[in-house]
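Listed below, chain by chain, are the residues.
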Amino acid sequence: MQVKFVFGKVRGMSLHFGLFLMTLIASPNWQEEVAGIDKQIGQLQDLQDRYKSSVERNINNAMRWQFQNENYLDARRAWDQAAQEKQKIREIQDQIDDLKRRRNQILKEHGQPTP
């Protein structure tokens, strides 16, 4: 009877140890995914900043050129380019928002605080 009791304890300990190992093995996967998401967010924010700079430059050029007859078409192109880049900025922001939602969901599933 004591043998069964000891075996039961060992079996229970091995079950807890197995769950602990599963947690350790699974941990890097979600942590790596969160790190990858953070990296993607950073890259998208850099891209968004480049587009914002380009929008500013195109608007400045368009403002300067719009009243010069020989540059009217260039001004129009600059306005159009700025509008297209603003649309790209909105699309990138949507991607960033989706990634942040995914990151927060992963953190919530693993009991981690969300930023």
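Look above for the structure.
Values in this document were obtained by computation on a predicted structure and should not be read as measured data.

Engineer: Can you help me understand the side chain of Asn58 in this one?
Structural biologist: In this fold, Asn58 is placed in helix α1 (residues 2–65). Here Asn58 falls in the buried class, since its relative accessible area comes to 14%. Leave out the neighbours within four places in its chain, and Asn58 touches Ala78, Gln81, Ala82 and Glu85.

Engineer: Help me out: how do you make sense of helix α2 (residues 72–109) in this one?
Structural biologist: Note: α-helices contain 3.6 residues per turn, so residues at a spacing of three or four share the same orientation. Compared with an ideal rise of 1.5 Å per residue, which puts 38 residues at 56 Å, α2 spans 56 Å between its outermost C-alpha atoms and is within 8% of the ideal. Residues of α2 that are buried include every one of Ala75, Ala78, Ala82, Glu85, Ile89, Ile92, Ile96, Leu99, Arg103, Ile106 and Leu107, and no others. Count one or two residues on from α2 and you reach Gly111, which has phi positive near 70°.

Engineer: So what exactly am I meant to see when it comes to the side chain of Glu85 here?
Structural biologist: The topology assignment puts Glu85 in helix α2. In this structure Glu85 is buried but unpaired, with Lys88 as the nearest side chain of opposite charge at 6.0 Å. At 2.8 Å, the side chain of Glu85 and the side chain of Ser54 are in polar contact. Once you skip the residues sitting within four places of it in the chain, Glu85 turns out to touch Tyr51, Ser54, Val55 and Asn58.

Cut-offs and rules
Residues numbered from 1 in each chain as written. Predicted model: local features only at pLDDT ≥ 70, side-chain atom pairs only at ≥ 80, totals over all residues. Heavy atoms only, no water. Helix = DSSP H or I, 4+ residues; strand = E, 2+ residues; numbered from the N terminus. Buried < 20%, exposed > 50% of the residue type's maximum accessible area, 1.4 Å probe, protein only. Contact = heavy atoms within 4.5 Å. Expected span 1.5 Å × (residues − 1). Lys, Arg positive; Asp, Glu negative; His and termini not counted. Salt bridge = Lys/Arg side-chain N within 4 Å of Asp/Glu carboxyl O. Polar contact = N/O pair within 3.5 Å; in protein donor to acceptor, adjacent residues only side chain to side chain.

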